[in-house]
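Here's the letter readout for the chains.
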Amino acid sequence: MRKRDETVLADLIAARAEQKPDLDVLTFQRGDGKPDVRTYADLFRNANRIAAALVGHGLERGARFGLMLRNHPEFVETMIAASISGCVFVPIDPRTRGEKLVHFLRHSNCRGLVVADYCLPALEEIRASLPDLRFVLCLETGEEPGAPALSSVKGVASLREALDKPAPPVEGRIAGTTDPLQVLCTSGTTGDPKGVVFQNGRFGAFAMLGLILGYRPDERPYTGLSLTHGNAQAVTLGPSLHMGLRAVFSRRFTKSRLWDVCRRY
């Protein structure tokens, strides 16, 4: 059995869920201003349930799937689920549409997709171009009036149903820190975006940024930048999960509410 290593995201959350289960380590500001809060225990439980869903949909160790959400707590829980299950997630900006979306999913060889309901119209436009996409797990948010109901879209399962269903512990399938965790796409300024493979250990190294930047135990990192890009993961999420810094995320960047969020937290 592999020894626990806290530079591996799954191991880190498992350890913190034992040490500080009730610490409200992540707070997500919704569009209506209300918070979604996650403790380490919440993250560990929900990530295991998503990992069980990924394995249940036939994803093998090392298989890739797309992750297309705004800054929802389920984004982070799915990241942890990838680390637990040994699968590899490909974060995709939820505004992506058309051939660019096809490129991301096809180029990275995604076998499935975890997506929000407000992204379903963009997915339906190009679904026929993705014959290798085995499954779609959809988070029902109700945040966009035009988002279709899941019952009206064929071949889409509910992520919330997976989260509501207790699951036995998923046995970790990664061999170590060098196993890939995610394929982070470049901005594409010199052509089509290219995938950069991030190992599990590289995400673990993000904790060092908290020390380099001088984060103190009583501070709360905040960002409205998307978790689909490196800054929010490296500067806010990674150090906060390692150091227990009670980070705050806006669903997306907002100038009008920036200082309101800062004052509140």
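What counts, and where the lines are drawn
In this numbering scheme, every chain counts its residues from 1 along its sequence in written order. In view of the model being predicted, local features appear only for residues whose pLDDT reaches at least 70, and side-chain atom pairs are presented and counted only at 80 or more, with totals across whole chains, interfaces and linings using the full set of residues. Side-chain metrics rest on all non-hydrogen atoms present in the structure, leaving aside hydrogens and water. Secondary structure follows DSSP: runs of H or I at least 4 residues long count as helices, runs of E at least 2 residues long count as strands, and numbering of each begins at the N terminus. The reference for a compact globule is 2.2 Å times residues^0.38; the radius of gyration itself is calculated from the C-alpha atoms. The classification of residues rests on relative accessible area computed with a 1.4 Å probe and restricted to protein chains. Under 20% of the type maximum is buried, over 50% is exposed, and intermediate values are partly exposed. It only takes one pair of heavy atoms within 4.5 Å for two residues to be counted as in contact. What sets the accessible areas is the Shrake-Rupley method with a 1.4 Å probe; for residues, cover comes only from the shown protein chains. Like-charged residues are merged into a patch within 9 Å and nonpolar side chains (Val, Leu, Ile, Met, Phe, Trp, Tyr) within 5 Å, provided each residue has over 30% relative accessible area and no salt bridge. A pairing counts as a salt bridge when a side-chain nitrogen of Lys or Arg comes within 4 Å of a carboxyl oxygen of Asp or Glu. Points on a 1 Å grid over protein atoms alone make up a cavity when a 1.4 Å probe fits among them but cannot get out, and a pocket when they form an open set with protein on both sides within 12 Å along at least five of seven lines; lining residues each have an atom within 4 Å of a point. Grid points are joined across faces, edges and corners, and a volume is the space filled by probe spheres set on the points. Residues are sorted three ways: Asp, Glu, Lys and Arg are charged, Ala, Val, Leu, Ile, Met, Phe, Trp, Tyr, Cys and Pro are nonpolar, and all the rest, Gly among them, are polar. Note: two strands are recorded as paired if DSSP finds a minimum of 2 bridges between them. For every element, the axis is a line fit to its C-alpha atoms; helices are fit only across the contacting stretch, and the angle between N-to-C directions ranges from 0 to 180 degrees. An angle below 35 degrees is read as roughly parallel, one above 145 as roughly antiparallel, one from 65 to 115 as roughly perpendicular, and any other as oblique. Crossing handedness is defined as follows: a turn of the near helix away from the far one that is anticlockwise and smaller than a right angle gives a left-handed crossing, while the clockwise case is right-handed.

A. Spotlight on the overall build of the protein chain. Summing up its helical and strand segments, the protein chain has ten helices and eleven strands in all. Here the C-alpha atoms of the protein chain give a radius of gyration of 17 Å, agreeing with the 18 Å that 2.2 N^0.38 yields for 265 residues. By its C-alpha atoms, the protein chain is 50 × 50 × 45 Å across when sized along the principal axes. Classification of the 265 residues of the protein chain by burial places 51% in the buried group. Counting contacts in the protein chain only where the partners sit at least 6 residues apart, residues at least 24 apart contribute 67% of the total. Accessible surface computed for the protein chain: about 12,200 Å², of which carbon and sulfur atoms make up 52%.

B. A nonpolar patch on the surface, seen in detail. Taken together, Met-208, Leu-211, Ile-212 and Leu-213 make up a surface patch of nonpolar side chains, about 440 Å² in accessible area. Structurally, Ile-212 can be placed in helix α8 (residues 207–212). With relative accessibility at 65%, the residue Ile-212 sits in the exposed group.

C. Examining unusual backbone geometry more closely. Even without being a glycine, Asn-109 presents a positive backbone phi close to 60°. Note on Asn-109: relative accessible area 36%, which makes it partly exposed.

D. Summary view of the layout of surface pockets. Taken as a whole, the second largest pocket spans an internal volume of roughly 380 Å³. Together, 18 residues line the second largest pocket, and Arg-70, Asp-93, Pro-94, Arg-95 and Arg-252 are the ones closest to its centre. Among the residues forming the lining of the second largest pocket, the class breakdown is six nonpolar, five polar and seven charged.

E. Local environment of the sheet that holds strand β2 (residues 35–38). Strand order in the open sheet formed by four strands is β2-β1-β11-β10, and the pairing between neighbours is mixed. Strands at the two margins of the open sheet, each flanked by one partner only, are β2 and β10 (222–223). Sheet analysis places strand β1 (residues 26–29) next to β2, joined by four bridges and oriented antiparallel. Looking across to β2, one finds that Phe-28 is bridged to Asp-36. Contacts from helix α2 (residues 40–56) reach β1 and β2, with the element oriented near 85° to β2. Against the sheet, helix α9 (residues 230–243) makes contact with β1, β10 and β11 (247–250), and its axis sits at roughly 145° relative to β11, the strand it touches most.

F. Spotlight on the packing of α2 against helix α3 (residues 73–85). In contact at an axis separation of 7 Å, α2 and α3 are set at 60° when each is read in the N-to-C sense. By the angle between their directions, the pair α2 and α3 is classed as oblique. In terms of crossing hand, the pair formed by α2 and α3 is right-handed. Of the residues in α3, those touching α2 at Asp-42, Leu-43, Asn-46, Ala-47, Asn-48, Ile-50, Ala-51, Leu-54 and Val-55 are Glu-74, Val-76, Glu-77, Thr-78, Ile-80, Ala-81, Ile-84 and Ser-85.

Take it as geometry only, folks, not as evidence of what the structure does.
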